[in-house]
Amino acid sequence: MQKKYVGAIDQGTTSTRFIIFNRLGEPVGFHQLEHRQIFPKPGWVEHDPEEIWMKTCAVIKRTLETTGIKPDEINSIGITNQRETTIVWDRKTGKPFYNALVWQDTRTARLVEEYSRRIGKDGLRKKTGLPIATYFSAPKLAWLLDNVDGLKNKARNGEAVFGTVDTWLLWNLTRGADRMILSTDLFILRMLQMPGERF
């Protein structure tokens, strides 16, 4: 069957959308679902990674149903996401070790201040072009390793996988394939025709 469409997963801070575009770049269908915002303490912002994955599956399925488009008519899917939101999960089971720490989360402020004192506020700017800030995933990962029981050992043993939301979605989308993909940034992937189809 000729591939006629391109899909886009737009996984944002408050909701997930799936949009299908035709060859002219025109949207022909979409569906959107919100997910919970979790605030355990002031300044702490979390999401449930499994809920995000379930909502992603649901919006893809619903969009296909309402448009009548078959999975094998979709050529590729792109992923855009909420950037620095950080997730760590078990390589074998796919189970997250903790909720996702959202890009807005400021629990790492003390850690960022400590690094800034040690290497200077602009200590990383020469290498990365960016300042040290709670926004980025590295301090969030450090917090998770230091505060989630057993996670540091799991990471040392290669049992823990780290990524931002795009990595989490791509890993789950390709779990039925011969080799799971672990990557980050913008993806265009062929997944609907892979073994273990979910939709």
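Heads up: the structure comes first, above all this text.
Residues numbered from 1 in each chain as written. Predicted model: local features only at pLDDT ≥ 70, side-chain atom pairs only at ≥ 80, totals over all residues. Heavy atoms only, no water.

Q: Lay out helix 6 (residues 165–173) with the relevant residues and their values.
A: Summarising burial for helix 6: 9 of the 9 residues are buried, a large majority. Regarding helix 6, the residues found buried are Val-165, Asp-166, Thr-167, Trp-168, Leu-169, Leu-170, Trp-171, Asn-172 and Leu-173. (Buried < 20%, exposed > 50% of the residue type's maximum accessible area, 1.4 Å probe, protein only. Helix = DSSP H or I, 4+ residues; strand = E, 2+ residues; numbered from the N terminus.)

Q: Describe the nonpolar core, and please don't skip the residues or the numbers.
A: Membership of the largest hydrophobic core comes to 24 residues, with the highest contact counts inside it found for Ile-9, Phe-18, Ile-20, Ile-74 and Leu-169. Those elements that place two or more of their residues in this core are strand 1 (5–11), strand 2 (15–21), helix 1 (49–67), strand 5 (74–81), strand 6 (86–90) and helix 6. What Ile-9 contacts, discounting residues up to four positions off in sequence, is Thr-16, Arg-17, Phe-18, Thr-56, Ile-60, Ile-77, Gly-78, Ile-79, Thr-80, Leu-169 and Leu-173. In terms of nonpolar packing, the next biggest core, distinct from the first, is built from 8 residues, Leu-101, Leu-144, Val-148 and Leu-151 among them. (Core = buried A, V, L, I, M, F, W, Y, C linked by side-chain atoms within 4.5 Å. Contact = heavy atoms within 4.5 Å.)

Q: So what's going on with the pairing of strand 6? Which residues, and what values?
A: The buried fraction of strand 6 amounts to 5 of the 5 residues, a majority that puts the element mostly inside the structure. Residue alternation in strand 6 divides its side chains into two sets, Thr-86, Val-88 and Asp-90 and Ile-87 and Trp-89, and both sets are buried. In terms of strand pairing, strand 6 meets strand 8 (residues 160–164) through 5 bridges, oriented antiparallel. For Thr-86, the partnering residue across the bridge sits in strand 8 and is Thr-164. (Pairing = 2+ DSSP bridges.)

Q: Talk me through the side chain of Ser-137; I want residue IDs and the actual numbers.
A: The residue Ser-137 is located in helix 4 (residues 137–147) in this model. Residues contacting Ser-137, with those up to four places away along its chain left out, are Glu-84, Thr-86, Phe-162 and Thr-164.

Q: An account of the packing of helix 1 against helix 6 is requested, with residue identities and associated values reported.
A: Here helix 1 crosses helix 6 at 60°, and the two axes come no closer than 11 Å. Judged by the inter-axis angle, helix 1 sits oblique to helix 6. You can see that helix 1 and helix 6 cross each other, and the crossing is right-handed. Counted together, Pro-49, Glu-50, Ile-52, Trp-53 and Thr-56 of helix 1 and Val-165, Trp-168, Leu-169, Asn-172 and Leu-173 of helix 6 form the full contact between these two elements. (Axes fitted to C-alpha atoms, helices over the stretch in contact; angles between N-to-C directions. Parallel < 35°, antiparallel > 145°, perpendicular 65-115°, else oblique. Left-handed = near helix turned anticlockwise from the far one by under 90°.)

Q: Which residues make up helix 1, and what values do they have?
A: Side chains that are three or four residues apart share a direction in an α-helix, a result of its 3.6 residues per turn. Compared with an ideal rise of 1.5 Å per residue, which puts 19 residues at 27 Å, helix 1 spans 27 Å between its outermost C-alpha atoms and is within 8% of the ideal. Those residues of helix 1 lying buried are Pro-49, Glu-51, Ile-52, Trp-53, Thr-56, Cys-57, Val-59, Ile-60, Thr-63 and Leu-64. Of the residues flanking the start of helix 1, the one acting as N-cap is Asp-48, its side-chain oxygen 2.9 Å from the backbone nitrogen of Glu-50. Directly beyond the C-terminal end of helix 1, a positive phi value near 75° is found at Gly-68. (Expected span 1.5 Å × (residues − 1). Polar contact = N/O pair within 3.5 Å; in protein donor to acceptor, adjacent residues only side chain to side chain.)

Q: I'd love a proper account of the environment of Asp-105, names of residues and values included.
A: Within the secondary structure, Asp-105 is located in the loop between strand 7 (100–101) and helix 2 (109–119). Taking relative accessible area as the criterion, Asp-105 reaches 1% and is therefore assigned buried. Sequence separation between Asp-105 and Thr-134 is 29 residues, and the spatial gap between their C-alpha atoms is 7.2 Å. Not counting residues up to four positions away in its chain, the partners in contact with Asp-105 are Gly-43, Trp-44, Val-45, Thr-134 and Lys-140.

Q: Quick rundown of the packing of aromatic side chains? Include the residues and the values.
A: Using the criterion set out here, one finds 6 aromatic pairs in the structure. Measuring from ring centre to ring centre gives 5.4 Å for Trp-44 and Trp-143, while their planes differ by 80°; the resulting arrangement is edge-to-face. With Trp-44 in the loop between strand 3 (27–34) and strand 4 (46–47) and Trp-143 in helix 4, the pair connects residues that are 99 residues apart, well separated along the chain. On the basis of relative accessible area, Trp-44 is assigned to the buried category, the value being 17%. (Phe/Tyr/Trp six-rings, centres within 6.5 Å; stacked < 30°, edge-to-face > 60°.)

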